[in-house]
Amino acid sequence: MWERDRSALAALDLDSRRRVLDVGCGTGEFAAVLAAETPGEVIGVDADPRLLRVAREETGLPVVAGDATALPVRDDAADLVACQALLVNLPEPVAAIREFARASSDLVAAVEPDNADVGVQSTVDREAPLERRVRAAFLDGVETDPALGESVPRLFREAGLVDVRTSRYHHRKVVEPPYDEDDLRDASRKASGAGLADHERELRRALSAEEYDDLRRAWRAMGRSVIEQMAEEEYRRAEVVPFDVTVGRLPAD
């Protein structure tokens, strides 16, 4: 993500930032993008120390352990507090946004996916319909809002931010020959059902036991078709995930 086009990040005014917090930084991918675009200091924050170790090793950036709703920093610690694909995973995202506002002296930004509007094309005919079926069941069964993206401006205003603006960025992921290790691993996880099992709890909330078992059989069969096409270097897949980039300012005193 952000390898080809970073124009949707223009509203973050990265070229003028002195210090940026990337909250929920995970292994540091977004923090590295921020660091490449700003002359200021970028600090990664995450609740998982294992991910922070990877982020530190991969990016060389400073990191700190902390919860998104209780950041271990003073008031006005940074002039930009940002996150990517974090709020969708939180049961009370507005609480995190309020905490971001406390820690920022100027701007808060969130890059969040709209998982209800994902588009998939595949040379395996069954893949796109099955993904729509899985996505619909997941959205029904998950306890957070994975389609949060377009709702973020309202949450920003609810948290007291002003001058709220949003733009949409479409992240296109393509699988085609020559396949890399990630492509092969993803295909294997489809054929084994492991990828589906990652979300079994959410899916079972929305599906009966029989429906889940039927879905798993169809999913594994689809995965085997993917592997067969890969063996002939015929498999191609394109997925477009829309992300909403929302920014808001702290109100003037």
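Our structure's up above, just so we're on the same page.
On a predicted model such as this, the values are computed, not experimentally measured, just so you know.

Draft legend 1. Fine view of helix H4 (residues 127-141). Across its 15 residues, H4 extends 21 Å between first and last C-alpha, which sits within 8% of the 21 Å expected from 1.5 Å per residue. Buried within H4 are the following residues: Glu127, Ala128, Leu130, Glu131, Val134, Arg135, Ala137, Phe138 and Gly141. Elements that come into contact with the buried residues of H4 comprise strand E6 (119-122), helix H6 (181-192), helix H7 (194-197), helix H8 (200-206), helix H9 (209-231) and strand E8 (237-249).

Draft legend 2. View of the packing of H4 against H9. Put simply, H4 and H9 touch, their axes get as near as 10 Å, and they point 145° apart. Here the hand of the crossing between H4 and H9 comes out left-handed. Counted together, Glu127, Leu130, Glu131, Arg133 and Val134 of H4 and Glu211, Asp214, Leu215, Ala218, Trp219, Met222 and Val226 of H9 form the full contact between these two elements. A breakdown of the residues in the contact of H4 with H9 according to their chemical character gives 7 nonpolar, no polar and 5 charged.

Draft legend 3. Focus on the layout of surface pockets. There is about 330 Å³ of room inside the second largest pocket. Lining of the second largest pocket is provided by Met1, Trp2, Glu3, Arg4, Asp5, Tyr169, His170, His171, Arg172, Lys173 and Val174. Here the residues of the lining of the second largest pocket are counted per class, giving 4 nonpolar, 2 polar and 5 charged.

Draft legend 4. Inspection of the environment of Pro72 at higher detail. Residue position: Pro72 is located in the loop between strand E3 (63-65) and strand E4 (78-84). Linking Pro72 and Val142, residues 70 residues apart in sequence, is a C-alpha distance of 29 Å. Here Pro72 is in contact with Val45, Val64, Ala65 and Gly66, once residues within four sequence places are set aside.

Draft legend 5. Structural view of the environment of Glu3. Checked against the element boundaries, Glu3 lands in the segment before strand E1 (19-23). Overall, the relative accessible area of 75% leaves Glu3 in the exposed class. Separated by 118 residues in sequence, Glu3 and Gln121 have C-alpha atoms that sit 21 Å apart.

Draft legend 6. Representation of the environment of Tyr169. Along the chain, Tyr169 turns up in strand E7 (residues 162-175). Measuring from C-alpha to C-alpha, the distance between Tyr169 and Arg201 comes to 30 Å, with 32 residues separating the pair along the chain. Look past the residues within four positions of Tyr169 in its chain and what remains in contact with it is Met1, Trp2, Asp5, Ala8, Val241, Pro242 and Phe243. From its side chain, Tyr169 meets the backbone nitrogen of Trp2 in a polar contact 3.4 Å long.

Draft legend 7. How the structure looks around the pairing of strand E5 (residues 104-113). Counted residue by residue, E5 has 8 buried out of 10 residues, so it is predominantly covered. For E4 and E5, the ladder comprises 6 bridges, and the chain directions are parallel. Within the sheet, the bridge partner assigned to Val81 lies in E5 and is Val108. With helix H3 (residues 93-103) bridging E4 and its parallel neighbour E5, the resulting β-α-β unit is right-handed. In this sheet, E8 lies alongside E5 in antiparallel orientation, the contact comprising 7 bridges. From the neighbouring strand, Ala109 faces E8, where its bridge partner is Val247.

Conventions we followed
Residues numbered from 1 in each chain as written. Predicted model: local features only at pLDDT ≥ 70, side-chain atom pairs only at ≥ 80, totals over all residues. Heavy atoms only, no water. Helix = DSSP H or I, 4+ residues; strand = E, 2+ residues; numbered from the N terminus. Expected span 1.5 Å × (residues − 1). Buried < 20%, exposed > 50% of the residue type's maximum accessible area, 1.4 Å probe, protein only. Contact = heavy atoms within 4.5 Å. Axes fitted to C-alpha atoms, helices over the stretch in contact; angles between N-to-C directions. Left-handed = near helix turned anticlockwise from the far one by under 90°. Nonpolar A, V, L, I, M, F, W, Y, C, P; charged D, E, K, R; others polar. 1 Å grid on protein atoms, 1.4 Å probe; cavity = no way out; pocket = protein on both sides within 12 Å on 5 of 7 lines; lining within 4 Å. Points joined across faces, edges and corners; volume = space filled by probe spheres on them. Polar contact = N/O pair within 3.5 Å; in protein donor to acceptor, adjacent residues only side chain to side chain. Pairing = 2+ DSSP bridges. Right-handed = clockwise from strand over helix to strand, strands pointing away.

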